[in-house]
Amino acid sequence: MLTIFLLAPFGGSLLVLFFPSDQRGATAWFAGAIALVCFLLAAGLYPFVTAGGVLRFELDWIPELGLNLTLRMDGFSWLFSTLITAIGVLVVLYARYYMVAEDPVPRFFALFLAFMGSMLGVVLSGNLILLAVFWELTSIMSFLLIGYWHHNAHARDGARIALTMTGMGGLSMLIGLLLIGRVVGSYELDAVLASGNAIRNDPLYLPILILILFGALTKSAQFPFHFWLPHAMAAPTPVSAYLHSATMVKAGVFLLARLWPVMAGTEAWFWIVGLAGLSTLLLGAYFAIFQQDLKGLLAYSTISHLGLITVLLSLGSPLAAVAAVFHIVNHATFKASLFMAAGIIDHETGTRDMRRLSGLFHYMPITATLAMVASAAMAGVPLLNGFLSKEMFFAEAIETHLVNTLDTVTPYVATIAGMFAVTYSLRFIHSVFFGAPPADLPKKPHEPPRWMRAPIEFLVLACLVVGILPGRTIGPFLDTAVVSILGDRTPDYSLAVWHGWNVPLIMSFVALSGGVGLYFLMRSYLATGIEGPPVFRLLEGQRIFERVLVTLSWKWARSLEQRLGTRRLQPQILLLVFLAVSAAATPLFLRGFELPSLVIRGVDPAFALLWAIGIACAVGAAYQAKFHRLFALVLLGGAGLVTCITFAWLSAPDLAVTQLLVEIVTTVLILLGLRWLPKPVQKPEPEDIPFRIRFRRLRDLLLALAAGGGMTLIAYRVMTQPASGTVASYFLERAYSEGGGTNVVNVILVDFRGFDTLGEIAVLCIVALTVFALLLRFRPHPDSQDIPLQQRVQNAFDDDHPDRNAGDSIAEYLHIPSAIMRWMFPVTGMLAAYLFLRGHDLPGGGFAAGIAMSIGFLLQYMSGGTRWVEERLRIHPLRWMSLGLLVAAATGIGSWLFGHPFLTSHSQYATLPIIGKVPLASAILFDLGVFSLVLGATVLILIALAHQSVRAPRAHARPARTEREAAQ
Amino acid sequence: MTEWLHHLLILPILVPLAVAAALVPINERERTLKGSIGFVSTLVVFVVTMILMRLAAAGEDSLPGDGVYQLGNWPAPFGIVLVLDRLSALLLCLTSGLALAAQVYSMARWHTAGHHFHSLVQLLLAGLNGAFLTGDLFNLFVFFEMMLAASYGLLLHGSGPLRVKAGLHYVAINLAASSLFLIGVSLIYGTTGTLNMADLATKLAALTPESRMLVETGAALLGIAFLVKAGMWPLGFWLPTAYAAATPPAAAVFAILTKVGIYIILRLHLLVFGAAAGASAGFGQSWLLAGGMATIAFGAIGVLASQAMGRLAGYSVLVSSGTLLAAIGLGHEEMLAGALFYLVSSTLTIAAFFLLIELVERGRDAAADVLAVTMEAYGDFDQDEEEEEAGVAIPGTMAVLGLCFSLCAVLMAGLPPLSGFIAKFALLKGLFDMSAADPAMAISAADWTYVTLIILSGLAAMIAMNRIGIRTFWASIEGTIPRVVIIEITPVAVLLAACLFLSFQAGPAMRYMQATADDLLAPALHSERVLSAPRAGGR
Amino acid sequence: MELILSAGIGALTASGVYLLLRPRTYQVIIGLSLLSYAVNLFIFGMGRLRVNAPPILQPGGIGDLAHHTDPVPQALVLTAIVIGFAMTALFLVVILASRGFTGTDHVDGREPRGD
Amino acid sequence: MTELAILWSILLAQVMLALAMAFALYRIVKGPHAQDRVLGLDTLYINAMLMLVAFGIRTANTVYFETALIIALLGFVSSIAFAKFLMRGEIIE
Amino acid sequence: MRTWFPYPLLSTALLLMWLLLRQSVAPGTILVGIVLSTILAWVMLKLQPPRSHLRRLGHMASFGLHVVADIARSNIAVARLILRSRRQPVRSGFLSVDLDIEDENALALLACILTATPGTAWLEHDRRKKKLLFHILDMDNANAWRQTLARYEASLKEIFR
Amino acid sequence: MSHLTDLPAWAAIAVCGLLLLGAAMTLIGSIGLLRLPTFYDRLHAPTITTSGGTILVCLASMLCFAVLQSRWIFHEVLIIVFITVTTPVTLMLLGQASLYRHRFEKPQDVPVKPGPPARADPD
Ligand code: NA
Ligand code: NA
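Residues numbered from 1 in each chain as written. Chains lettered and ligands numbered in written order. Predicted model: local features only at pLDDT ≥ 70, side-chain atom pairs only at ≥ 80, totals over all residues. Heavy atoms only, no water.

1. With respect to the overall build of chain A
Link 1 in the chain: For chain A, the count of helices and strands is 41 helices and 4 strands.
Link 2 in the chain: Compactness check: chain A gives a C-alpha radius of gyration of 43 Å against a globular reference of 30 Å for 968 residues, more than 25% above the reference.
Link 3 in the chain: When its C-alpha atoms are laid out on the principal axes, chain A stretches across 125 × 75 × 65 Å.
Link 4 in the chain: With 968 residues in all, chain A has 66% of them scored as buried.
Link 5 in the chain: The contacts in chain A between residues at least 6 apart in sequence include a share of 78% that link residues at least 24 apart.
Link 6 in the chain: On chain A, roughly 32,400 Å² of surface is accessible, and the fraction owed to carbon and sulfur atoms is 66%.
Link 7 in the chain: On chain A, the mean spot of the 65 positive side-chain charges and the mean spot of the 58 negative ones are 5 Å from each other. (Helix = DSSP H or I, 4+ residues; strand = E, 2+ residues; numbered from the N terminus. Rg over C-alpha atoms; globule rule 2.2 N^0.38 Å. Buried < 20%, exposed > 50% of the residue type's maximum accessible area, 1.4 Å probe, protein only. Contact = heavy atoms within 4.5 Å. Areas by Shrake-Rupley, 256 points an atom, 1.4 Å probe, with all protein chains shown as cover. Lys, Arg positive; Asp, Glu negative; His and termini not counted. Charge placed at Lys NZ, Arg CZ, Asp CG, Glu CD.)

2. What about the coordination of the sodium ion (ligand 1)?
Residue and element names in this part refer to chain A.
Link 1 in the chain: Coordination sphere of the sodium ion (ligand 1), protein contribution only: Met354 (O), Leu357 (O) and Ser431 (O), at 2.2 to 2.6 Å.
Link 2 in the chain: Spacing between the donor residues of the sodium ion (ligand 1) along the chain follows M-x2-L-x73-S. Note that Met354 is positioned in the loop between helix H17 (318-349) and helix H18 (365-379) and Ser431 in helix H20 (residues 405-433), a separation of 77 residues in sequence.
Link 3 in the chain: Looking at Ser431, the relative accessible area reads 16%, which means it is buried. (Donors = N, O, S within 2.8 Å, 3.2 Å for Na, K, Ca; no water.)

3. Structural notes on the pattern of salt bridges
Link 1 in the chain: Throughout the structure, instances matching the rule amount to 50 salt bridges over all chains.
Link 2 in the chain: One salt bridge connects Glu111 of chain C with Arg24 of chain C, and the closest N-O pair in it is separated by 3.0 Å. You can see Glu111 of chain C sitting in the segment after helix H3 (71-102) and its partner Arg24 of chain C sitting in the loop between helix H1 (2-20) and helix H2 (25-45), a full 87 residues away along the chain.
Link 3 in the chain: Bridged by salt links that share partners, the residues Arg56, Arg72, Asp74, Asp190 and Arg258 of chain A form one connected network. (Salt bridge = Lys/Arg side-chain N within 4 Å of Asp/Glu carboxyl O.)

4. Examining the coordination of the sodium ion (ligand 2)
Ideal geometry at a metal centre gives angles of 109.5 degrees when four donors are arranged tetrahedrally and 90 or 180 degrees when six donors are arranged octahedrally.
All names here are of chain E.
Link 1 in the chain: Within the protein, the atoms that donate to the sodium ion (ligand 2) are Leu114 (O), Thr115 (O), Thr117 (O) and Thr120 (O), at distances of 2.2 to 2.7 Å.
Link 2 in the chain: Here the donor residues of the sodium ion (ligand 2) are spaced in sequence according to L-T-x1-T-x2-T.
Link 3 in the chain: You can call Thr120 buried: its relative accessible area is 1%.

5. Notes on the packing of aromatic side chains
Link 1 in the chain: Under the counting rule described, the total for this entry stands at 65 aromatic pairs over all chains.
Link 2 in the chain: With a centroid separation of 5.4 Å and 85° between ring planes, the pair formed by Phe76 of chain A and Phe80 of chain A is classed as edge-to-face. In this pair, Phe76 of chain A and Phe80 of chain A are both assigned in helix H4 (residues 75-98), 4 residues apart and thus about one turn of the helix distant. Here the two residues Phe76 of chain A and Phe80 of chain A agree in accessibility, since each one is buried.
Link 3 in the chain: Centre to centre, the rings of Phe108 of chain A and Phe109 of chain A are 5.2 Å apart; their planes meet at 80°, and the pair counts as edge-to-face.
Link 4 in the chain: Since its relative accessible area comes to 1%, Phe108 of chain A is described here as buried.
Link 5 in the chain: The exposure class of Phe109 of chain A is buried, given its relative accessible area of 1%.
Link 6 in the chain: Aromatic ring contacts, followed pair by pair, group Phe108, Phe109, Phe112, Phe115, Tyr148, Trp149 and Tyr242 of chain A into a single cluster.
Link 7 in the chain: We note Arg675 of chain A situated over the ring of Trp676 of chain A; from NZ or CZ to the ring centre the distance is 4.0 Å.
Link 8 in the chain: Note that Arg22 of chain C overlies the ring of Tyr18 of chain C, its terminal NZ or CZ placed 4.5 Å from the centroid. (Phe/Tyr/Trp six-rings, centres within 6.5 Å; stacked < 30°, edge-to-face > 60°. Lys NZ or Arg CZ within 6 Å of the ring centre and 35° of its normal.)

6. Considering the UniProt feature "transmembrane region" (unreviewed entry) in chain C
Residue and element names in this part refer to chain C.
Link 1 in the chain: The UniProt entry lists residues 26-44 and 75-97 under the feature "transmembrane region" (unreviewed entry), expressed in the numbering used here.
Link 2 in the chain: End C-alpha atoms of residues 26-44 are separated by 27 Å, and the span's content is 100% helix alongside 0% strand.
Link 3 in the chain: End-to-end, the C-alpha atoms of residues 75-97 are 33 Å apart, and along that stretch the chain is 100% helix and 0% strand. (UniProt positions renumbered as here; feature names shortened; annotations may be inferred.)

7. Quick look at the confidence of the model for chain A
Link 1 in the chain: Looking at chain A, pLDDT values average 87 and 96% of them are 70 or higher.
Link 2 in the chain: The low-confidence segment residues 954-968 of chain A (pLDDT under 50) makes 21 contacts with residues lying over four places distant or belonging to another chain. (pLDDT = per-residue confidence, 0-100.)

8. So, the state of the cysteines
A covalent bond between the sulfur atoms of two cysteines is what we call a disulfide.
All names here are of chain B.
Link 1 in the chain: Under the defined criterion, the tally for this structure stands at 0 disulfides over all chains.
Link 2 in the chain: Distance from the sulfur of Cys499, which forms no disulfide, to the nearest cysteine sulfur (Cys408) is 7.9 Å.
Link 3 in the chain: A relative accessible area of 1% places Cys499 in the buried class. (Disulfide = S-S within 2.5 Å.)

9. What about the confidence of the model for chain C?
Any region with low pLDDT has predicted coordinates that should not be read closely.
Link 1 in the chain: Taken as a whole, chain C shows an average pLDDT of 91; of its residues, 97% reach a score of 70 or greater.
Link 2 in the chain: With pTM at 0.92, the complex prediction returns an ipTM value of 0.94.

10. Points about the sheet that holds strand S1 (residues 93-98) of chain E
Residue and element names in this part refer to chain E.
Link 1 in the chain: One open sheet holds the 3 strands; their spatial order is S1-S3-S2, and the pairing between them is antiparallel. If you trace the sheet from one side to the other, it starts and ends with S1 and strand S2 (120-126), each paired once. Sheet twist, expressed as the average angle between the axes of neighbouring strands with direction ignored, equals 25°.
Link 2 in the chain: As judged from the 6 bridges shared by S2 and strand S3 (residues 131-136), these two strands associate in the antiparallel manner. Bridged to Ala121 within S3 is His135.
Link 3 in the chain: Relative to S2, helix H4 (residues 104-116) is tilted by about 155°, and along the sheet it contacts S2 and S3. (Pairing = 2+ DSSP bridges. Axes fitted to C-alpha atoms, helices over the stretch in contact; angles between N-to-C directions.)

11. Here we look at the domain arrangement of chain A
Link 1 in the chain: According to the domain assignment, chain A consists of domain 1 (264-537) and domain 2 (741-953).
Link 2 in the chain: A C-alpha centroid distance of 88 Å is found between domain 1 of chain A and domain 2 of chain A. (Domains from an automatic or database assignment.)

12. Points about the interface of chain E and chain A
Bring the parts together and some accessible area is lost; that lost area is often taken as the interface size.
Link 1 in the chain: Taken residue by residue, the interface counts 34 residues in chain E and 28 residues in chain A.
Link 2 in the chain: Buried surface at the junction of chain E and chain A, both sides included, amounts to about 2,900 Å², of which 72% is carbon and sulfur.
Link 3 in the chain: Remark: the boundary between chain E and chain A carries 0 salt bridges.
Link 4 in the chain: Summed over the shared surface of chain E and chain A, the number is 1 residue pair in polar contact (both at pLDDT 80 or more).
Link 5 in the chain: Of all the elements in the fold, those that place two or more residues in the side of chain E that touches chain A are helix H1 (8-22), helix H2 (27-47), H4 and S2 of chain E.
Link 6 in the chain: With 12 residues, the top contributor of residues to the side of chain E that touches chain A is H2 of chain E.
Link 7 in the chain: Classifying every residue of the side of chain E that touches chain A gives 21 nonpolar, 6 polar and 7 charged. (Buried area = accessible area lost by both parts, 1.4 Å probe. Polar contact = N/O pair within 3.5 Å; in protein donor to acceptor, adjacent residues only side chain to side chain. Nonpolar A, V, L, I, M, F, W, Y, C, P; charged D, E, K, R; others polar.)

13. Topic: the interface of chain A and chain B
Link 1 in the chain: Residue-level contacts link 110 residues of chain A with 140 residues of chain B.
Link 2 in the chain: Overall, the association of chain A and chain B removes approximately 10,800 Å² of surface from exposure, summing both partners, and the carbon and sulfur fraction of that is 72%.
Link 3 in the chain: When residues of chain A are sorted by the area they lose upon contact with chain B, Arg182, Phe755 and Arg777 of chain A head the list and together hold 8% of the total.
Link 4 in the chain: Put simply, chain A and chain B have 6 salt bridges between them.

14. Observations regarding the side chain of Thr516 of chain B
Residue and element names in this part refer to chain B.
Link 1 in the chain: For Thr516, the location among the structural elements is in helix H21 (residues 506-520).
Link 2 in the chain: We classify Thr516 as buried; its relative accessible area is 0%.
Link 3 in the chain: Look past the residues within four positions of Thr516 in its chain and what remains in contact with it is Arg86, Leu87 and Leu340.

15. Examining the environment of Gly487 of chain A
Link 1 in the chain: Here Gly487 of chain A shows up in the loop between helix H23 (475-486) and helix H24 (503-527).
Link 2 in the chain: Along the backbone, Gly487 of chain A and Trp149 of chain A are 338 residues apart, and their C-alpha atoms lie at a distance of 45 Å.

16. Some points on the pairing of strand S1 (residues 55-62) of chain A
Regular strands show a simple pattern: their side chains alternate between the two faces of the sheet.
Residue and element names in this part refer to chain A.
Link 1 in the chain: Across 6 bridges, S1 lies against strand S2 (residues 67-73) in antiparallel orientation. Within the sheet, the bridge partner assigned to Leu59 lies in S2 and is Leu69.
Link 2 in the chain: The hairpin formed by S1 and S2 contains 4 residues between the paired strands, and Gly66 there has a positive phi angle of roughly 70°.

17. Quick look at helix H27 (residues 605-624) of chain A
Link 1 in the chain: For H27 of chain A, built from 20 residues, the straight-helix expectation of 28 Å at 1.5 Å per residue is met to within 8% by its first-to-last C-alpha distance of 28 Å.
Link 2 in the chain: Of the residues making up H27 of chain A, those classed as buried are Ala606, Phe607, Leu610, Trp611, Ile613, Gly614, Cys617, Ala618, Gly620, Ala621, Ala622 and Gln624 of chain A.
Link 3 in the chain: Against the buried residues of H27 of chain A lie helix H28 (629-649) of chain A, H1 and H2 of chain C together with helix H1 (2-30) and helix H2 (34-59) of chain D.
Link 4 in the chain: For H27 of chain A, the N-terminal cap is Asp604 of chain A; the gap from its side-chain oxygen to the backbone nitrogen of Ala606 of chain A is 3.0 Å. (Expected span 1.5 Å × (residues − 1).)

18. A closer look at helix H39 (residues 877-894) of chain A
Link 1 in the chain: The end-to-end C-alpha distance of H39 of chain A is 25 Å, a good match for the 26 Å that 18 residues give at a rise of 1.5 Å each.
Link 2 in the chain: All buried positions along H39 of chain A are accounted for by Pro877, Leu878, Met881, Ser882, Gly884, Leu885, Ala888, Ala889, Thr891 and Gly892 of chain A.

Written as structure tokens, this is what we have:
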């Protein structure tokens, strides 16, 4: 039952979305029907909740987190549900006429229904977290509703502020509710309501209180968080009527009332809630007087009335709680009707500005009468419902609850606020409906359509009936609601209209007469037409909030983002290195790093000299890389060579071979790239270098030394430590017997850890593809688009001499060398074949072979040039790559056929005639894949780069062709 | 039968790898063919990972071969093994799902922006899956590089000055980080003689103080390398720029890249430096905590400071990383399941958002000429302007985009009722619950800071998304309606639908996460499973 | 031996790191190359240094760590060399592309102000 | 005795070769022309190759031969790339 | 035969290289070597290297011996030159001579020989003018070098015809 | 650490002698690189290394392994051949590049291009 109750609005909302946007009537009827069904359901559920009865429904959502769809309806939530649905029905009816035909109403009604559903969810949640969920949903939906006319800047601002404020509150409340869950051990409302003492006595009580109150007070627009509400007026009036009467702002007081049994009654509660409520009550009423916008006046009045309810709840007395609940209902009725009336006025006259409105009674007497009754209820005139609850409030205000200043001032504040309420109510009526006929209204006013007025009529009737016969009408329902909050603490109270001559009545009288007096005193000031109250006008909460928000969330955020972050590379790398050095040093420092004693054993002078050269090369390269690129590259080659010799020296022939080959290709690669870099900057005179740069260099140098020193220390420490038992023994023992090869390194690469190799060639493949794709889009800078200076000089030389043809210089230059280089091609091929075939037993392997072969190709490119080579050799690097990767993968998959996991190697020897025993390890096939891929990828990278020279000068002429060439 | 089922474990790596290889030589003009092959491949991987996740959900015992796959039939710790458990299965599934979405999306237009897009996506997928599956530290490096290399390619896809500049920084920083990775791994090998993570876990407690010191140094360097990938402040400044510069489908897949760093940190932290690590237990935790919190704060600030949606999304990635890192750093076991849920939810959201951004910005009238400039700046479509598929301006395009945007906003801000909220709720509940049983254990200052940061970062996301959303959808009503192809919006919708599914099925999802967390908190069982897995066949 | 090699690794690292922190793309690529030498040697050193004990078995033989050096770091270095080579190539092309688009060889794609 | 003599003479040879490398480095550093540096690098390569051959003799192990062979066959590639760069400003036209 | 072995000398050399590399003359090795060298020669066909027809292989051997002797002699000479260079600076210079060899391979061989011979450095050859510019370390020997070069030229013309 | 002690005395002496001589020639070549005054002079220095040095050292190696393994196989021949073939390419290209650069920068120091007279200032 409860689920249907809750699902109906959401389901309806979804369905409404599919209505065509020009079907205003049908849409409204459908939405109204949904709301009506809900209302009837609520009404029908009444018998279940009388006398402390509770309806429950539970559906698992996330039981692990204690968050379930627990719906729970007691008297209080029943009262609220009824209010929400009843006013919902009326507002839909009203909106049917209010919204103009051009508006896309399906969206409006969809949002409206969803909002109604969320609000119902808030009041029906039996789980605190679920409540928070619906709570935020109301914020989101109200945001969308307020911003419904989003082409209007006010609507956008109002929506944004409302969401920001209530969203903030909701987040804070969530934490509070989570903390309650921690204290209670459950989020179920029943459990929480039963643990009042535990909560109030917990050390976390104060944080819980503050966090939850922040949520509730922001939602209920309590001072100083009230300012979002007036701006929410930018919403269509039906929305305002709904949000400000029965829903949204009432969610805050609903929560206060809901948690009243567990939270209220402490001094902290009294102070925080009371202070907020009192100031809101007073200031809201005061501000309301000075509004020029009808809806603005009503908005501030709403704020004030919510303050009243809050004050009642703050007092901690059961009787006050009763009054609070009663006023919630009363306020909903008269405020909804007033908003609708304001909407009608707006609708019929085209303005809501009280400065322009007057004498409307003549044009719309019925509406005027209705509005007058409703404002009288708002002002607290006897025989209307507002009077009753206000009386109860006055009565509670003079009671002493706690002995402190706040309690003492309450009655005075209450009276003054009451006075203000009379003043603004009077103003509303007097300035709009009486006085001279309106002068220049955008439209000629007349009575609204019959059914547009009907909701107001119904509500005003309710005000009257309740005001005259409270006990017969609202009495039992109020009782049901109050019992569900207070339980056995429910006090005796009477809802009679007449209680005799008592202090509250005198206060009411003072307020009424004072209010009327005040209005006439202030008429002259109000006539000046200044918007907003004196003094406070300057202190506009919304503007302050906007300022703060913009400052915090935009200005400060931007400057902080720039200060705390950077988009430059150098600082990022600096931080990275610094953190790496620190991170590595921390364990060393904490665990007491001790330098192992320096044992100079087996120092080989040749090796030492070798490394002296290596170090000199490294340092030199670092020193020269900026001003002498070629020089630095030569030195880099020297350092690489020393590394290579070191590998060979220290029993790693495979590494030496690979390092050497890679070294050669890398050098060629960088040389290919050098042509596209700008001229290096000129080395400045030492005295020209500014201090800042010197400092930076010194800092970087120190950091680099720290990094280098750290590496030295760690490396030395580990290398002088005896080796612990490593997995290597396993490989050494099995390389031949199970891996079928004597070169253990190669067996590891293609068998034991063949998967690494597969990944590694994939990396090479990816890089080659990336390089290729990037170079296809390569746009040389204009400076480097021309052919290099040397070539220009040589070409000019050829051109200037009649006996020379173009290109003679280069032809002569390469004449003899290229003859030799061409013959090197098959020799390189032979070397590659040799390296490949011996890999499994001796240094070599697919990778080395692939690189060697690609150097063979490279040589041909260098000697003959791109065109020459490609006219003769058809190289398909992409196919080589694809083939290589597929062969390697297929070899791995092959082992599935033998029931073994991927990449399981199978080695056996086949005896062939003449050739003899031939090793047939599947690893060789795998290595063939490696070879093919490496060859393809390396050639692709080199050629793609080399092609830029061919393509660049004629980039615009024939881009497509060179692309095709490169693709082959 | 079981034998063959066992090979499922390697398919998430092998299928995309082989398909990528097969796609390479196909002519670029056959983009649709390439895309279709890639799509089928990713779909296969997705199905496989779904099956694996189902199997893993039922418990490790129901996994073929106990979830351990010995490559080359060499047992751990000697050979490389793939290890499947609930966590890796989850991430595999997430990865392939994202890849699927990105791939479909790209086929509308983005794959024409450069060459070999589909191969690179497949290779990225293989790299990511490998990183999630491998149980070997060095093999992890290889897959990391594979993943990174592919991400370089995808980031540079389409070329243009902005991408190239971002790519330069991205590559440079990651190359430096990769060096740290290598140093760390080799240092660990040099002192413990093993590369297998499970084996390492068993060896750590018995180390001599000196070796322990060196292993910790290695681990610290590894940590820095992973934190660079995870984007921890102050190591993640490259991230927003790079992610914002990438083409949308690439950026969507990148949403998972940072999670790889976090995944490894989580894994190593709990497996190797768990309670059984002796004196090294909880190594580096306080760094993670401080760094994670700083990252949340910086990310939130960046979210607020972002004018462009791309950067906003990039900073959201940082917030998400920071949230997870700090959660790990807090060390509350109760938060683990929530953290995992958060990981999934935030990744899906951000991926969807990255895909959405471009669609939304396409229609912005005021930005139209700006967009033209950016197109120029990015160098898009300057050469391969092919016949553009007719962009059907579906009715209500703006409404659909707006709805998707709102969902993203709600998810990113962690507002109810969607999975973003549930994730944060789960995290915070775990945090508050950790000491509920023991009243003496108060909520520490660090806990409070974390809570505050979580809330504030959500708020920041709300404010920023609100601001940008209003500007885009409400303020510029006159903007032209973007031409969006169905296959572009569908992936966004599907990713968001996944979030919705996660929201409504949060119960089962949380159960899975809880079981995953329980797995992670029992490292000894994991190690034993890996090290005692039987070899196949008689070898 | 150990001392010399560690000093060499340190020098290569320091030079590489220093260049990595410099503003010109060419400096960075040379720095990365130097750093990768250092890292490769470091990995290699983790298997301890041995002269004339290459991990190459006699046919049919069974190896052991007493007569052969540790082959594992060597295999790792081989992988690292290949990946390092690939990355150098990629980075090179990226810096060339960056130069082509931005006109400068500064790592940030624009000349620093006021320097 | 022979053993010692052999070891010492090989060591002496290696030191001489290392010195030769050092001189080549000197030329690289000193220049003054770019071609001098390239010439120095080429010499460095050849000296290093001879160093490897000598090392092979010293360890009586032939597995180091490949490296030397590759230097002999392919070591000149980077040198000619440099040379061509000096001559033409780019190495593949 | 030509179709199978387009460059017999190349194939032979490659086979020899293979055998030296494999350090074996087992039938299997030879077979693999023949296959490889044949394949590589076919690939070479595509590069269209200049062909040469060698004659008088006997003459080649004596030419080779001469060259080796020359190289050995100049090694010693140049070594002395270097060692005394501090006291007595070398007097080096360029030398331009006519060189009437057309065959590219012969020229390449000559270049190798001259370069391998310390004291001479091949610099520039003008195909059209048939002039060779080379550099010699010891100008005092300029005439001797001219004669040597003429001798080489004659021998090479004999062999490559 | 080495099996060199297995060599018969004559072989050991020969190997050591050849090796030392080769190393010395190499060193002299490098000294030439160090000392000789102009680039063109220095161009000659490495040829001592590539011819004398390489041949002698490789001979030492050949002899050594031939005696040690009792097999008359000289794969070091390949090194000699390759060095002899490849070094000229480097030196020729370097020499010509240098010549070009000199003609461009300081044309008076080097001979003009054989054939038509080169312009002093080509650009
Ligand atoms: Na008026
Ligand atoms: Na010579």
